Amino acid sequence: MEYSLLILVTPFVLFLLLGLTGHKMKHHVAGFIGTLGMGLAAVLSYVVAFQYFFVIGKTGGIFKELIPMSFEWLRFTDKLHIELGILLDPISVMMLVVITTVSLMVHLYSLGYMHGEKGFQRYYAFLSLFSFSMLGLVVATNIFQMYIFWELVGVSSYSLIGFYYQKPSAVAASKKAFIVTRFADLGFLVGILILSFYTGTFDFGALTANNAELAVTSMQGLSFMGLSIGAWAMALIFMGGAGKSAMFPLHIWLPDAMEGPTPVSALIHAATMVVAGVFLVARLFPVYLFAAPEVLTLIAYIGTFTALFAAIIAVTQTDIKRVLAFSTISQIAYMMVSLGVSGYGGHDGVGYMASMFHLFTHAFFKALLFLGAGSVIHAVHSNEMKDMGRLHKYMPVSSITFFIACLAIAGIPPFSGFFSKDEILAAALHHDKLIFFVMLFVAGLTAFYMFRLYFNIFWGKEKEYDNHHKPHESPALMTVPLIILAIFSVFTGLIPFPEFITADRMSFAAHIEWGTVAIPSIVVALTGIVIAFVLYAKGSEKPAQIAKSLGGFYAATVNKFYLDEVWMFITKSVIFKLISEPIKWFDRHVIDGAMNGLAWTTQKVSDSIKGLQSGQVQLYVWAYVVGSLVIAALVLFF
Amino acid sequence: MIKMEYYLIVSTLMFFIGIYGFVVRKNMLAILISLELVLNAVEINFAVFNRYLFPGSMEGMFFTLFGIAITAAETAIAIAIIINVYRNIGSINVRKINKMKG
């Protein structure tokens, strides 16, 4: 399996190639090189996935961890050293497939979408860098390697959000995304250090082996402020995951990140990077479950709240990409909830399986939704719903694929989202009724806001389109990825996930609980769709009236519950005023003062003695003779 | 036999006369002569200590001979420099040789 290294090396080489020599290439040359390279990586990941799942991965009913490559990078002590390597296990192989597939689709789509943009080659270079870092993140053999790639992912996300760097809003958004996630990563780093300090290892295999025995025993009986050390470490690590995966209250960067080009949103802010937090929790799942179960409960509740919160906001947004962004937050929260309510072996572990399942299906239909939205934006040159309407007539392919994705995310069988969401709801039902009912409600909201989006774009009232600029279907380069992703969105739900990806790596048979879970969720989803149909399909005045009757609550949701303002207040008035200003004063006056004083004294002293260096050798000799006489006298008489 | 101290008194006198001349004279030739006095005082010391303290060995004498040779070479160079300085500046007063001062 050593060839799996090529999956990582290819995008990295492409990044170097396009980054260093891209500006000399023609646009389409750079684009095709990037796309071909990504295609190679995708084919290789399919081969790896096939090999792993069907040929060599399974021994004795368990999918084992394979480490085809690993070398020591840094050695701190005999026990504590950092390796760089490739770890293949069910979730990392699944992620390889997801990332390379979505990335390939985005590369292909961008050939059309970014056509003629300034900085086209730079765009492809950063796409390659992002793919490389994301792939490195999922195959990391230890938590430190994951951290390195985690940051690389953050950097490439930063540069892609800020791709239109002449636009101040894009610059602000990229900075916001970087700073918020960096802030979360601070917790992640501290968590890593605590965990590795007590367990003495960074290695995922050692950490999770035998039901996380190492983490449990090494941190037994230690507690800090009423929580065990293990819980602290894992909660801090989760903080990093929450930052990347946009969990409340660290979600504020994701809606703004929509300033980047739309394909970038599809790749980074829908399918791959934002699920890194889910992946992190899944990767360390045994440690969470056995060493810090209280953190897992916390994750479940944070996830539940975030899912509800983001879904409510998504209902009122008018920028189509922002609707999708909040929908992404909500769906990722589903995955988090699912992990939070999961147990370990056999059917208890259905939550873990469902989380990975939803990650897998969500990646395709959400990428499809974003690319579809990109196609619409490409045609209408606006992100606002009010500029769209009746687009089905002009853009049938985009419309139909978007419709399929909406059905998938709403959870209508037999589309993929139904199967994964159903498993999540089933896991929640068996763990905590409250979570189940909230998530069921969120499922209804999801269906409602997605179809609100769909009807507003493709149905509704026809807008006055400029005659010279009638909306038209996007070129084949853009519609082909849409069609491929639509096919994925329809059929990936049929993959028997419990066969391949489970918490304890043993297959189990999952079944759909029609009576208690599936039927209610379908009914709720259909209700949401019907309400959306009634309100938006014909473009009636009712939505405005309802908004009016809701008054303050409506205004609050439109303004995302003023969380941006709350964060602004916290940073500006609390952190800046109360912490940064005094520290700044200390720096300016005490530290700078001491340094300036030292320099001033030195200058004065040297001014006063510089006359001694006259260049008159005779004077020097005089001083020398007198000096040596004095020293001789001192030696002789004292 | 003459006592060693007499030789040492002579050499000490020569040494300090030389130092005095080196410090106070402004004429470069005078400074060079003073330097010669200092060097010769040292050479007298070499010879005297060798003669009185280690009569069986000859190292001190050899050092004296070396010293004389080096002094001769050094004098030649110094005079060459002084001649050149005179040609360039028209004076051999050390106070006036400050063209290279920054």
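Residues numbered from 1 in each chain as written. Chains lettered and ligands numbered in written order. Predicted model: local features only at pLDDT ≥ 70, side-chain atom pairs only at ≥ 80, totals over all residues. Heavy atoms only, no water.

## Things to note about the overall build of chain B
Move 1: Assigned secondary structure in chain B consists of 3 helices and 0 strands.
Move 2: Going from the N terminus to the C terminus, chain B shows its helices and strands as α-α-α.
Move 3: Radius of gyration (C-alpha) of chain B: 17 Å, far over the 13 Å computed for a compact globule of 102 residues.
Move 4: With respect to the three principal axes, the spread of C-alpha positions in chain B is 50 × 25 × 25 Å.
Move 5: Across the 102 residues in chain B, those meeting the buried criterion constitute 29%.
Move 6: For chain B, long-range pairs separated by at least 24 residues make up 63% of all intrachain contacts whose partners lie at least 6 apart in sequence.
Move 7: By element, 73% of the accessible surface of chain B is carried by carbon and sulfur atoms, the whole surface being about 7,100 Å².
Move 8: When the 9 positive and 5 negative side-chain charges of chain B are each reduced to one mean point, those points stand 19 Å apart. (Helix = DSSP H or I, 4+ residues; strand = E, 2+ residues; numbered from the N terminus. Rg over C-alpha atoms; globule rule 2.2 N^0.38 Å. Buried < 20%, exposed > 50% of the residue type's maximum accessible area, 1.4 Å probe, protein only. Contact = heavy atoms within 4.5 Å. Areas by Shrake-Rupley, 256 points an atom, 1.4 Å probe, with all protein chains shown as cover. Lys, Arg positive; Asp, Glu negative; His and termini not counted. Charge placed at Lys NZ, Arg CZ, Asp CG, Glu CD.)

## Some details on the nonpolar core
Move 1: In terms of nonpolar packing, the biggest core is built from 217 residues, with Leu284, Tyr288 and Met356 of chain A touching the most fellow members.
Move 2: Element by element, the count of residues in this core is highest for helix 15 (residues 350-380) of chain A, at 21 residues.
Move 3: One finds Val621 of chain A together with Ile19, Ile31 and Val85 of chain B within the second-largest nonpolar core, a separate group that totals 14 residues. (Core = buried A, V, L, I, M, F, W, Y, C linked by side-chain atoms within 4.5 Å.)

## Describing helix 7 (residues 204-218) of chain A
Residue and element names in this part refer to chain A.
Move 1: Here helix 7 is 15 residues long, yet its end C-alpha atoms lie only 15 Å apart, well below the 21 Å a rise of 1.5 Å per residue gives.
Move 2: Considering bend angle alone, the principal kink of helix 7 is centred on Asn210 and spans about 115°.
Move 3: Within helix 7, the full set of buried residues consists of Phe204, Gly205, Leu207, Thr208, Ala212 and Ala215.
Move 4: Of the surrounding secondary structure, the elements contacted by the buried residues of helix 7 are strand 4 (81-88), helix 5 (143-161), helix 6 (168-199), helix 11 (276-283) and helix 12 (285-291).
Move 5: The opening residue of helix 7 is Asp203, an N-cap whose side-chain oxygen sits 3.3 Å from the backbone nitrogen of Gly205. (Expected span 1.5 Å × (residues − 1). Bend = angle between axes of the 7 residues up to and from the residue. Polar contact = N/O pair within 3.5 Å; in protein donor to acceptor, adjacent residues only side chain to side chain.)

## Things to note about the pattern of salt bridges
Residue and element names in this part refer to chain A.
Move 1: Inspection of the entire model under this criterion finds 8 salt bridges over all chains.
Move 2: Among the ionic pairs, Asp256 bridges to Lys176, the shortest N-O distance being 2.9 Å. Here the residue Asp256 occupies a position in helix 9 (residues 253-256), and Lys176 occupies one in helix 6, the gap between them amounting to 80 residues. Lys176 matches Asp256 in its accessibility class, with the two residues each being buried.
Move 3: Residues joined in a network through salt bridges with shared partners are Lys176, Asp256 and Arg322. (Salt bridge = Lys/Arg side-chain N within 4 Å of Asp/Glu carboxyl O.)

## Remarks on the interface of chain A and chain B
Move 1: Counting residues at the interface gives 6 residues for chain A and 9 residues for chain B.
Move 2: Taking both partners together, chain A and chain B bury about 720 Å²; carbon and sulfur atoms supply 63% of that area.
Move 3: Joining chain A to chain B, the criterion identifies 0 salt bridges.
Move 4: Summed over the shared surface of chain A and chain B, the number is 2 residue pairs in polar contact (both at pLDDT 80 or more).
Move 5: Its residues assigned to classes, the side of chain A that touches chain B shows 3 nonpolar, 3 polar and no charged. (Buried area = accessible area lost by both parts, 1.4 Å probe. Nonpolar A, V, L, I, M, F, W, Y, C, P; charged D, E, K, R; others polar.)

## Re the packing of aromatic side chains
By convention here, two paired aromatic rings are described through the distance between centres and the angle between planes.
Move 1: Enumeration over the complete set of coordinates arrives at 44 aromatic pairs over all chains.
Move 2: Ring geometry for Tyr123 of chain A against Phe163 of chain A: centres 5.4 Å apart, planes inclined by 70°, an arrangement best described as edge-to-face. One end of the pair, Tyr123 of chain A, is in helix 4 (residues 120-138); the other, Phe163 of chain A, is in the loop between helix 5 and helix 6, with 40 residues separating them in the sequence.
Move 3: Classification of Tyr123 of chain A by relative accessible area gives buried; the value is 0%.
Move 4: Ring geometry for Phe46 of chain B and Phe63 of chain B: centres 5.3 Å apart, planes at 10°, overall stacked. Of this pair, Phe46 of chain B sits in helix 2 (residues 28-53) while Phe63 of chain B is found in helix 3 (residues 59-89), placing the two residues 17 residues apart along the sequence.
Move 5: In this structure Phe63 of chain B comes out as partly exposed when scored by relative accessible area, which is 49%. (Phe/Tyr/Trp six-rings, centres within 6.5 Å; stacked < 30°, edge-to-face > 60°.)

## Some points on helix 5 of chain A
Move 1: With 19 residues, helix 5 of chain A extends 26 Å from end C-alpha to end C-alpha; this agrees with the ideal 27 Å at 1.5 Å per step.
Move 2: Burial of helix 5 of chain A is extensive: 15 of the 19 residues sit out of reach of the surface.

## Here we look at the pairing of strand 3 (residues 66-75) of chain A
Within a regular strand, the side chains alternate between the two sheet faces.
Residues and elements named next belong to chain A.
Move 1: One ladder, built from 7 bridges, connects strand 3 with strand 4; its direction is antiparallel. Paired with Glu72 across the two strands is Glu83, which belongs to strand 4.
Move 2: Linkage of strand 3 to strand 4, two consecutive antiparallel strands, is achieved through a turn of 5 residues. (Pairing = 2+ DSSP bridges.)

## Re the environment of Phe402 of chain A
All names here are of chain A.
Move 1: Mapping Phe402 onto the fold places it in helix 16 (residues 396-410).
Move 2: Look at Phe402 and you get buried, because its relative accessible area is 0%.
Move 3: Dropping the residues within four chain positions of it, Phe402 is found in contact with Leu369, Gly372, Ala373, Leu453, Tyr454, Ile457 and Phe458.

## Focus: the confidence of the model for chain B
Move 1: Looking at chain B, the pLDDT average stands at 90 and 97% of residues meet or exceed 70.
Move 2: Taken together, the chains of this predicted complex give a pTM of 0.78 and an interface ipTM of 0.78. (pLDDT = per-residue confidence, 0-100.)

## Re a nonpolar patch on the surface
Move 1: Taken together, the side chains of Tyr562, Val566, Phe569, Ile570, Val574, Ile575, Phe576, Leu578, Ile579 and Ile583 of chain A define a hydrophobic patch exposed on the protein surface, amounting to about 900 Å² of accessible area.
Move 2: Relative to the elements of secondary structure, Tyr562 of chain A occurs in the loop between helix 23 (552-558) and helix 24 (563-609). (Patch = residues over 30% accessible without salt bridge, like charges linked within 9 Å, V, L, I, M, F, W, Y side chains within 5 Å.)

## Side note on the packing of helix 2 (residues 27-56) of chain A against helix 3 (residues 90-113) of chain A
Residue and element names in this part refer to chain A.
Move 1: One way to put it is that helix 2 packs onto helix 3 with a least axis distance of 9 Å and a crossing angle of 155°. By the criterion of interaxial angle, the relationship of helix 2 to helix 3 is roughly antiparallel. As helix 2 packs across helix 3, the resulting crossing turns out to be left-handed.
Move 2: The residue inventory of the contact of helix 2 with helix 3, partitioned by class, reads 16 nonpolar, 9 polar and no charged. (Axes fitted to C-alpha atoms, helices over the stretch in contact; angles between N-to-C directions. Parallel < 35°, antiparallel > 145°, perpendicular 65-115°, else oblique. Left-handed = near helix turned anticlockwise from the far one by under 90°.)

## Digging into the side chain of Ser92 of chain A
Residue and element names in this part refer to chain A.
Move 1: As for its placement among the helices and strands, Ser92 is situated in helix 3.
Move 2: Engagement of the side chain of Ser92 in a polar contact is seen with the backbone oxygen of Leu87, the distance being 2.9 Å.
Move 3: A distance of 3.0 Å separates a polar atom in the side chain of Ser92 from the backbone nitrogen of Asp89.
Move 4: If sequence neighbours within four positions are ignored, Ser92 has contacts with Leu87, Val138, Val139, Phe279 and Arg283.

## Describing the environment of Val98 of chain A
Move 1: Relative to the elements of secondary structure, Val98 of chain A occurs in helix 3.
Move 2: For Val98 of chain A and Tyr52 of chain A, which are 46 residues apart along the polypeptide, the C-alpha to C-alpha distance reads 15 Å.

## Focus: the environment of Val534 of chain A
All names here are of chain A.
Move 1: Of note, Val534 is situated in helix 21 (residues 514-536).
Move 2: Exposure remark for Val534: the relative accessible area of 48% places this residue in the partly exposed category.
Move 3: Along the chain, Val534 and Arg452 lie 82 residues apart, while their C-alpha atoms are 9.8 Å from each other.

## Some words on unusual backbone geometry
All names here are of chain A.
Move 1: The linkage connecting Phe248 with the following residue, Pro249, adopts the cis geometry, with an omega of 0°.
Move 2: For Pro249, the position within the fold is in the loop between helix 8 (229-244) and helix 9.
Move 3: Cis geometry marks the peptide bond from Pro413 to Pro414, where omega comes out at 5°.
Move 4: Structurally, Pro414 is set in the loop between helix 16 and helix 17 (416-431).
Move 5: Positive phi is not limited to glycine here, since Ala246 has a value of about 60°.
Move 6: Residue position: Ala246 is located in the loop between helix 8 and helix 9.
Move 7: With a phi angle near 60°, His381 is a residue other than glycine that sits in the positive phi range.

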